[in-house]
Amino acid sequence: MKNKIALITGATSGIGMATARLFADNGIDLVICGRRTERLGSLEKELSEKVKVHSLVFDVRNKSLVFEHINGLPEDFSEINILINNAGNAHGLDPIHLGNTEDWDAMLDINVKGLLYVSKAVLPGMLERGSGHIINIGSTAGKEVYPNGNVYCASKHAVDAINQGMRLDLNGKGIKVGAINPGMVETEFSQVRFKGDKDRAANVYKGFTPLSPEDIADIIWFAVTRPPHVNIADLTVMSLDQASSTVVNKST
Ligand code: NDP
Ligand code: 8X3
């Protein structure tokens, strides 16, 4: 039987990379996406020992490139069964009156519009086949707002709304839609948020046990392996030490 095919955005790091690895371990062929060519190349090499892998290098902000790359997938990879809308980041952590407008643009263009472009490019094939599964990576930041999180939280609230909207509009078309909303996961997320300040980034995860990208990959795998009639619509997950965006049981 033909393997299923998953397209994962943001596969060069963190949650996306862990998911790509777990999918490959379980016989899912992969379209891995990101901007960092070298990382995609080495991941493709690593995972090609297990499954068929195709890399797509594009910035999800670039609408025409998103459609060009996804519509131009080689035949072997063109029937996407699973879409993991994962690419995204926070940029900055500033009060609203001090926010950097370039950071705002980046978060809204990547986390919201990029997710929409990729979904629009993948959906026609799923609709034609009357089957598919879209998992949108939201966040606890899409469920509550924390000080200085303003625009990142807005972008993830938008993902929450888009997830619900997709599920409503695709109801009856055989396509599962669901969101996984993690709390703090130790990835390159905070390094990006703090623009390469590794100490400040590491400090975010000090004094408690955060989630790992593999924890989220496990949950994504659980979602995609449910029986055909079961759709994980919306799942929030935090580490034991985290109770909300601002309440974290830190020992130091
Ligand atoms: P990482 O920084 O480790 O990974 C982010 C991924 O997104 C990278 O692969 C990066 O690839 C890709 N990406 C970023 N910008 C773009 C862009 N413009 N075009 C294409 N790809 C892009 O962070 P995480 O793994 O933690 O984040 C993954 C998702 O999980 C994000 O949506 C994030 O908001 C969400 N999340 C993270 C949490 C956390 O605490 N870490 C908690 C809740 C949600 P490249 O740079 O190669 O383009
Ligand atoms: C990432 C988790 O708490 O930094 O979405 O917003 S948080």
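Residues numbered from 1 in each chain as written. Chains lettered and ligands numbered in written order. Predicted model: local features only at pLDDT ≥ 70, side-chain atom pairs only at ≥ 80, totals over all residues. Heavy atoms only, no water.

Whenever I open this one, the pairing of strand β2 (residues 29-34) confuses me. Can you help?
β2 sits mainly inside the fold: six of its six residues count as buried. Residues of β2 alternate between two faces, with Asp 29, Val 31 and Cys 33 on one and Leu 30, Ile 32 and Gly 34 on the opposite face, all of them buried. Relative to β2, strand β1 (residues 5-8) runs parallel, the two being bridged by four bridges. Each bridged residue has a counterpart across the sheet, and for Leu 7 the counterpart in β2 is Val 31. Taken together, β2, helix α2 (residues 37-47) and strand β3 (residues 53-57) constitute a β-α-β crossover, and its handedness is right-handed. (Buried < 20%, exposed > 50% of the residue type's maximum accessible area, 1.4 Å probe, protein only. Helix = DSSP H or I, 4+ residues; strand = E, 2+ residues; numbered from the N terminus. Pairing = 2+ DSSP bridges. Right-handed = clockwise from strand over helix to strand, strands pointing away.)

Explain unusual backbone geometry here, please?
Both trends apply: most residues other than glycine have a negative phi, and most peptide bonds are in trans. Phi is positive for Asn 148, which is not a glycine, with a value near 75 degrees. Checked against the element boundaries, Asn 148 lands in the loop between β5 (132-137) and α5 (150-169). Even without a glycine there, the phi angle at Lys 195 is positive, about 55 degrees. Counting through the fold element by element, Lys 195 comes out in the loop between α6 (189-193) and α7 (198-204). Among the residues examined, Lys 195 registers a relative accessible area of 53% and is labelled exposed.

For this particular structure, what's the right way to read the site of ligand 1?
Around ligand 1, the surrounding shell holds 31 residues, and the nearest of these are Thr 12, Ser 13, Arg 35, Tyr 152 and Thr 187. Take Val 185: an N or O atom from its main chain is 2.8 Å from an oxygen atom of ligand 1. Here ligand 1 has 880 Å² of accessible area as a free molecule, and 97% of this is covered by the chains. Within the residue set of the shell around ligand 1, elements represented by two or more residues are α1 (14-25), α5 and α6. (Near = heavy atom within 4 Å. Polar contact = N/O pair within 3.5 Å; in protein donor to acceptor, adjacent residues only side chain to side chain. Areas by Shrake-Rupley, 256 points an atom, 1.4 Å probe, with all protein chains shown as cover.)

What exactly am I supposed to notice about the site of ligand 2 here?
Ligand 2 sits among Ser 139, Ala 141, Tyr 146, Tyr 152, Phe 189 and Arg 193. In this structure, an oxygen atom belonging to ligand 2 sits 2.5 Å away from a side-chain N or O atom of Ser 139. In the shell around ligand 2, the residues fall into four nonpolar, one polar and one charged. (Nonpolar A, V, L, I, M, F, W, Y, C, P; charged D, E, K, R; others polar.)

Just to check I follow, could you spell out the layout of surface pockets for this structure?
Empty space among the atoms can be located by rolling a probe the size of a water molecule over them. In this model, the second largest pocket occupies a volume close to 250 Å³. What lines the second largest pocket is simply Lys 4, Asn 81, Ile 82, Ser 131, Gly 132, His 133, Gly 174, Lys 176, Val 224, Arg 226, Pro 227 and Pro 228. Split by residue class, the lining of the second largest pocket holds four nonpolar, five polar and three charged. (1 Å grid on protein atoms, 1.4 Å probe; cavity = no way out; pocket = protein on both sides within 12 Å on 5 of 7 lines; lining within 4 Å. Points joined across faces, edges and corners; volume = space filled by probe spheres on them.)

Purely geometric numbers; function is a separate question.
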